[in-house]
Amino acid sequence: MKNFYAFYLILLSCSLKAQSNQNAGMITDFKQSNYFSNNYPWMKNVMGNRQLKSVVFRETLRNKQEEAFYFNEKGMPLKMYYSAMFYDGLFKKRETYFHEFDYNDKDKIVESRSYTKKHKLIHSTNLSYFSDNRCASVIQSYKGQPQSETDYTYLSDSSLHKNETFKFSGGKKKLLSYYEYTYYPGKKIRSTKFYRKNKLKHTWNYDCDTRGKLQKKDTTSVCKQEGTDQQGRKVVTEHFSKNKKKEQKSVSYYKIINGKEVLNEFESYEIKNGKERLRLKVHYPDSLEPFHSFKTYGKRGQRVYENNTHYFVYSDKLKLLSSHENNWYKPNGNLDIKRIETFNEKGLPQLATISGPKKNSYNFRIEYVFTNEHEFKINHYRKNKLKKSFSCSISTF
């Protein structure tokens, strides 16, 4: 119903930032459960102090339910029904998803289930924990049958020691691979070793020389350096080397906001034959710089996607959106599609326009009409003709 490419790219950003940490054993995020908050961040401004119980979208011209989200008393999603766009090779497809979630008494997901349109179970994930954020095991199942399991073990200081991945075949559980970690004093990681079928396949050495250059070309080296830039931000640079010809580098910039260190910017580079190519750049909002920027680049340095979000106010307690813009670019770097969304002073969406590289090539617009605190409408127009109209019903505890 909305444009879902941005959500996919946010997940891409998270995966790129996590490349230096092969398996953290820390369950802090579950992408399906965050789908609603990622795609409807302004819904909090609609709710005010009320606790959301359900949100149901219905296409009124066809009288068909399109999306539905249900929550518990603590705001955790229980059920989600939605459709999303993705690319299968060169072809664009839309799929319908239906998820359910169960939690423990500490509000951690212990089981998630995904179903078909006809509510037949497809995938399920079961999680157990040693502590609030340390995972003990993750079991993946398909149509009710376990397919894989990952078990985590820890050292006495709570550092992750090993995680083992098993596969199930013919009802039997067999060790497939595992990662093993060593540390310097102070829990600073020293090395990661990867074993498959009990044979060492790869080693990541977290080490570098005094200039921050990579060492130990016989294995993957990871070099982490810290410094300060001209703005006074802490700069953390990490290098990852898979072979002599190709490396990766990430740069994280941190600021101090209200006495706390917060991530301000993140960059990801590909280094090939000694040349650095910027592939991803992210700016994170804070109270002093209330905007979010997300940009991706192709192998030739051309723009691929750009997402810019601005806020009237951005704080821990209040986030009022001002504008949101998405730009998609062609393989040659020229603009292909632009989507601009504007918000009122309460942080609620008003109007979204979608256009192409030529004047009137698309001419789509989306209007938001808020009638009362329990209902609003989203009208889709093309060339000034109403094509779709969605009504949203909200219930609270």
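Attention in this report is confined to the structure presented alongside it. The model shown is predicted, which means the values in this text are computed figures rather than measured ones.

1. Considering the nonpolar core
Counting residues in each nonpolar core, the largest one holds 43 residues, and the members touching the most others are Phe 36, Trp 42, Met 43 and Phe 69. With seven residues, the next largest nonpolar core counts Phe 266, Leu 280, Val 282 and Trp 328 among its residues.

2. Quick notes on the packing of aromatic side chains
Per the stated rule, a full pass over the model turns up 22 aromatic pairs. Ring geometry for Tyr 35 against Phe 69: centres 6.3 Å apart, planes inclined by 20 degrees, an arrangement best described as stacked. Note that Tyr 35 is positioned in helix H2 (residues 35–39) and Phe 69 in strand S2 (residues 64–71), a separation of 34 residues in sequence. By the burial criterion, Tyr 35 is buried, and Phe 69 matches it. In this structure an aromatic cluster arises from ring pairing among Tyr 35, Phe 36, Tyr 40, Trp 42, Phe 57, Phe 69, Phe 71, Tyr 82, Tyr 97, Tyr 368, Phe 370 and Phe 376. Looking at Lys 173, its charged tip hangs above the ring of Phe 166, at a distance of 4.5 Å from the centre. Between the NZ or CZ atom of Lys 234 and the centre of the ring of Tyr 254, over which it lies, the distance is 5.2 Å.

3. A look at the pairing of strand S25 (residues 385–396)
As paired elements, strand S1 (residues 52–59) and S25 share seven bridges and run antiparallel to each other. Following the sheet pairing, Val 56 is matched in S25 by Ser 393. Judged from the eight bridges that link them, strand S24 (residues 375–382) and S25 form a sheet pairing that is antiparallel. Its bridge partner lying in S25, Asn 379 is registered against Ser 389. Counting the residues between successive antiparallel strands, the hairpin from S24 to S25 contains two residues, one of them, Lys 383, with a positive phi of roughly 50 degrees.

4. Digging into the pattern of salt bridges
Counted under the stated rule, the structure contains 21 salt bridges. The partner of Glu 66 in a salt bridge is Arg 62, and the shortest N-O contact between them spans 2.6 Å. On the basis of relative accessibility, which here comes to 48%, the residue Arg 62 falls in the partly exposed class. For Glu 100, the salt bridge is made with Arg 113, and the minimal N-O distance between the two is 3.2 Å. A residue pair is termed long-range when its members are at least 10 positions apart, and Glu 100 in strand S4 (residues 91–103) and Arg 113 in strand S5 (residues 109–115) qualify at 13 residues. Summarising the burial analysis for this pair, Glu 100 and Arg 113 share the class buried.

Reading the values: rules and limits
Residues numbered from 1 in each chain as written. Predicted model: local features only at pLDDT ≥ 70, side-chain atom pairs only at ≥ 80, totals over all residues. Heavy atoms only, no water. Core = buried A, V, L, I, M, F, W, Y, C linked by side-chain atoms within 4.5 Å. Buried < 20%, exposed > 50% of the residue type's maximum accessible area, 1.4 Å probe, protein only. Phe/Tyr/Trp six-rings, centres within 6.5 Å; stacked < 30°, edge-to-face > 60°. Helix = DSSP H or I, 4+ residues; strand = E, 2+ residues; numbered from the N terminus. Lys NZ or Arg CZ within 6 Å of the ring centre and 35° of its normal. Pairing = 2+ DSSP bridges. Salt bridge = Lys/Arg side-chain N within 4 Å of Asp/Glu carboxyl O.

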